[in-house]
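As a plain string of letters, each chain reads:
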Amino acid sequence: MGRRRSIMSEQLKWEIARELGVADIVQREGFGGVTSRQCGMMVHKAIEMAERSLAQPKQ
């Protein structure tokens, strides 16, 4: 089975990694070096950002 396309852009992944303080790990080892717990925190943060984005009134 092939790999799925990523839903999050690389830019967003890096932004969240920097915000959570794991960008140095990602830079050294790639996203595969991030622990499951840190990965979960990144997903949680991405969901929060998406929910905030949807809650904002459109102009």
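Residues numbered from 1 in each chain as written. Predicted model: local features only at pLDDT ≥ 70, side-chain atom pairs only at ≥ 80, totals over all residues. Heavy atoms only, no water.

Counting nine residues, the largest nonpolar core is built from I16, A17, V22, A23, I25, V26, V34, M42 and A46. For this core, the leading source of residues is helix α2 (residues 23–29), giving three residues. When near neighbours in sequence (up to four residues on either side) are disregarded, I25 contacts G30, G33, V34 and Q38. (Core = buried A, V, L, I, M, F, W, Y, C linked by side-chain atoms within 4.5 Å. Buried < 20%, exposed > 50% of the residue type's maximum accessible area, 1.4 Å probe, protein only. Helix = DSSP H or I, 4+ residues; strand = E, 2+ residues; numbered from the N terminus. Contact = heavy atoms within 4.5 Å.)

A separate point is the environment of K13. Structurally, the position occupied by K13 is in helix α1 (residues 10–20). Counting along the chain gives 30 residues from K13 to V43, while the straight-line C-alpha distance between them is 9.3 Å. Once you skip the residues sitting within four places of it in the chain, K13 turns out to touch S6, M8, F31 and M42.

Per-residue confidence for the chain averages 89 on the pLDDT scale, and 93% of its residues sit at or above 70. Of all secondary-structure elements in the chain, the lowest mean pLDDT belongs to helix α3 (residues 36–55), at 93, while α2 reaches the highest, 96. (pLDDT = per-residue confidence, 0-100.)

Taken together, the buried positions of α1 are K13, I16 and A17. The buried residues of α1 occupy an angular sector of 105 degrees when projected down its axis, which confines them to one face. Facing away from the buried side of α1, by more than 90 degrees, are the exposed residues Q11 and R18. Turning to α1, the residues buried within the fold contact α2 and α3. Within two residues after α1, G21 carries a phi angle of roughly 80 degrees, on the positive side. (Arc of directions from axis to C-beta.)

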